[in-house]
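What follows is each chain in one-letter form.
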Amino acid sequence: MRGSFLLLLVSLVVFGGIGNSEGNALKMHFYKKSCSHAEDIVRNVTWTLVAADHDLAPDLLRIHYHDCFVRGCDASVLLESNGKEKPEKEALPNLTLKGFDVIDKVKARVEEECPGVVSCADVVALVARDAVSFQFQKPMWAVLTGRRDGVISRATEALSNLPSPFMDFPALRQLFGAKRLDADDLVVLSGAHTIGEAHCAAFQKRLFNLTGKGDVDRTLDSNFAKSLRKICPNPSNPATTVDMDLGSGDTFDSNYYVNLLKNKALFHSDAALLQNNRAAKLARKLTNQKNFFNMFAKSIRKMGDIELLTGTAGEIRKKCSVVNS
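Cut-off values and rules
- Residues numbered from 1 in each chain as written.
- Predicted model: local features only at pLDDT ≥ 70, side-chain atom pairs only at ≥ 80, totals over all residues.
- Heavy atoms only, no water.
- Salt bridge = Lys/Arg side-chain N within 4 Å of Asp/Glu carboxyl O.
- Buried < 20%, exposed > 50% of the residue type's maximum accessible area, 1.4 Å probe, protein only.
- Helix = DSSP H or I, 4+ residues; strand = E, 2+ residues; numbered from the N terminus.
- Core = buried A, V, L, I, M, F, W, Y, C linked by side-chain atoms within 4.5 Å.
- Contact = heavy atoms within 4.5 Å.
- Axes fitted to C-alpha atoms, helices over the stretch in contact; angles between N-to-C directions.
- Left-handed = near helix turned anticlockwise from the far one by under 90°.
- Nonpolar A, V, L, I, M, F, W, Y, C, P; charged D, E, K, R; others polar.
- Disulfide = S-S within 2.5 Å.
- 1 Å grid on protein atoms, 1.4 Å probe; cavity = no way out; pocket = protein on both sides within 12 Å on 5 of 7 lines; lining within 4 Å.
- Points joined across faces, edges and corners; volume = space filled by probe spheres on them.
- Polar contact = N/O pair within 3.5 Å; in protein donor to acceptor, adjacent residues only side chain to side chain.
- pLDDT = per-residue confidence, 0-100.
- Patch = residues over 30% accessible without salt bridge, like charges linked within 9 Å, V, L, I, M, F, W, Y side chains within 5 Å.
- Areas by Shrake-Rupley, 256 points an atom, 1.4 Å probe, with all protein chains shown as cover.

Participant: Looking at this model, I keep getting lost on the pattern of salt bridges. Mind explaining?
Facilitator: The full count for this structure, using the stated rule, is 13 salt bridges. Measuring nitrogen to oxygen at the nearest pair gives 3.1 Å for the salt bridge that ties Glu-80 to Lys-89. Accessibility expressed as a relative area gives 41% for Glu-80, which makes it partly exposed. Owing to a relative accessible area of 12%, Lys-89 belongs among the buried residues under this scheme. One salt bridge connects Glu-112 with Arg-109, and the closest N-O pair in it is separated by 3.6 Å. Remark: Arg-109 and Glu-112 occur in helix H3 (residues 100-113); sequence separation between them is three residues, near one turn of the helix. Note on Glu-112: relative accessible area 62%, which makes it exposed. Via salt bridges that share partners, Arg-71, Glu-85, Arg-154 and Glu-157 belong to a single interconnected network.

Here it is in structure tokens:
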């Protein structure tokens, strides 16, 4: 089953680690001397697993998003409970995250080659890129490395920082702005909805009860809404999912924007991009696949720079699910 970006866009409270939102602390091929084959290992293992299950690509990309927007790109979303409090992965918005086993397999293989050298945070960033890139058999964006792993993970922080898919444009823009991601990044990074699935609960309100009066969202194409109501009746099966990118849910491409402009995007937070003239204009530009790929590469690199732990901050976890003892 393809992964869903039920709650893709998130905000972050700054938590006092060493960070660099401009990316100067990271660099290309950070492990060239300390673990020269690290990136090759990550790619090879990831491609082998994605070849066997193409549905992994959206799962792994989603983990990268959810990691970076809560406490920054520090792999805190991978941590299991420490027995004292629930970790991020147990927060309601993260319960549908999948692909942790892939991260563990990749990390284990890297540890065999270079024990204690490559961070889980870098593995997450590289795996997300490589999972999407398998379709093209070449890297689709550059990943700078040098991140360190965090040691704190709290479900309450994830819950408070992950917005609902019902947010409007001003709220989303404010959240992104707090992370030094601008309105253009918001529109571009929303393009990750070009792959994967969403559960009915993420958009069902638009189909049956938008304002609490039993009304349908008039910004949603009427025929599209009708077809969705058949798949997701009220009430619907909680396990039912729908492709986020109608007709192209398995392919990383610019079709998401084509559907968006036809009012066939699933989430209110997607449709909200058309509330702003500049954002809508950019969405039209991004229907061109070359434009989308180029701009996505830049924006996801910026996202990968959120609230970094570098230098001696944090640690290099031996296992991604637990802090070092």
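Participant: Just checking my understanding: could you explain the nonpolar core for this structure?
Facilitator: Burial of nonpolar side chains together is a common tendency in soluble globular proteins. In this structure, Leu-61, Ile-63, Tyr-65, Leu-78, Ile-103, Trp-141 and Phe-296 are the most contacted members of the largest nonpolar core, which totals 72 residues. No other element matches the 10 residues that helix H4 (residues 120-133) contributes to this core. Other than its neighbours up to four places away in sequence, Leu-78 contacts Ile-63, Lys-89, Phe-100, Ile-103, Cys-120, Val-124, Arg-317, Cys-320 and Ser-321. Core analysis: the second largest hydrophobic core is formed by 14 residues, Phe-203, Ala-225, Leu-228 and Cys-232 among them.

Participant: Before we go on, may I ask you to explain the packing of helix H2 (residues 56-68) against H4 in this structure?
Facilitator: Any two packed helices are characterised by the angle at which their axes cross and by the distance between the axes. Two elements in contact, H2 and H4, have axes separated by 8 Å at closest approach and are oriented at 145 degrees. In this structure, H2 meets H4 at a crossing whose hand is left-handed. On H4, the residues that touch Ala-57, Leu-60, Leu-61, Ile-63, His-64 and Asp-67 of H2 are Val-124, Ala-125, Val-127, Ala-128, Ala-131 and Val-132. Taken together, the residues of the contact of H2 with H4 sort by class into 10 nonpolar, one polar and one charged.

Participant: Honestly, the state of the cysteines in this entry has me stumped. Any pointers?
Facilitator: When the sulfur atoms of two cysteines share a covalent bond, that bond is a disulfide. Throughout the structure, instances matching the rule amount to four disulfides. Linked covalently through their sulfurs, Cys-35 and Cys-114 form a disulfide whose S-S length is 2.0 Å. Handedness of the Cys-35-Cys-114 disulfide follows from its S-S torsion of about 85 degrees: it is right-handed. Pair noted here: Cys-35 is in the segment before helix H1 (38-52) and Cys-114 is in the loop between H3 and H4, with a separation of 79 residues, a long-range link. This pair shows no difference in class: Cys-35 is buried, exactly as Cys-114 is. One disulfide bridge connects Cys-68 with Cys-73, the sulfur atoms lying 2.0 Å from each other. In this structure the cystine formed by Cys-68 and Cys-73 twists about its S-S bond by roughly 115 degrees; its chirality is therefore right-handed. Comparing Cys-68 with Cys-73 shows no difference in burial state: the two are buried. The cystine pairing of the chain, numbering bonded cysteines in sequence order, is 1-4, 2-3, 5-8, 6-7.

Participant: Before we go on, may I ask you to explain empty space enclosed by the protein in this structure?
Facilitator: Enumeration according to the criterion identifies two cavities of 30 Å³ or more in this entry. Along the lines of polarity and charge, the residues of the lining of the largest cavity split into six nonpolar, two polar and three charged.

Participant: I'm lost on the side chain of Lys-89 in this one. Help?
Facilitator: When you line up the elements, Lys-89 lands in the loop between H2 and H3. At 3.3 Å, the side chain of Lys-89 forms a polar contact with the backbone oxygen of Leu-78. At a separation of 3.1 Å, a polar atom in the side chain of Lys-89 contacts the side chain of Glu-80. Sequence-distant contacts of Lys-89, that is, excluding residues within four places in its chain, are made with Val-77, Leu-78, Leu-79, Glu-80, Asn-94, Leu-95 and Phe-100.

Participant: Would you explain the confidence of the model for the chain in this entry?
Facilitator: Detailed reading of the predicted model is not advised wherever pLDDT is low. Confidence along the chain averages 91 in pLDDT terms, with 92% of residues attaining 70 or more. Every residue in residues 1-23 is under pLDDT 50, and counting partners more than four places away or in other chains gives 98 contacts.

Participant: Quick question: what am I supposed to make of a nonpolar patch on the surface here?
Facilitator: On the surface, a cluster of nonpolar side chains totalling about 330 Å² of accessible area is made up of Leu-92, Leu-95 and Leu-159. With respect to the helices, strands and loops of the structure, Leu-95 is situated in the loop between H2 and H3. Overall, the relative accessible area of 53% leaves Leu-95 in the exposed class.

Participant: Help me understand the packing of H3 against H4 in this model?
Facilitator: In contact at an axis separation of 10 Å, H3 and H4 are set at 115 degrees when each is read in the N-to-C sense. Where H3 crosses over H4, the two elements pack in a sense that is right-handed. For the pair formed by H3 and H4, the contact residues are Ile-103, Val-106 and Lys-107 on the first element and Cys-120, Val-123, Val-124 and Val-127 on the second. Among the residues making up the contact of H3 with H4, the classes are represented as six nonpolar, no polar and one charged.

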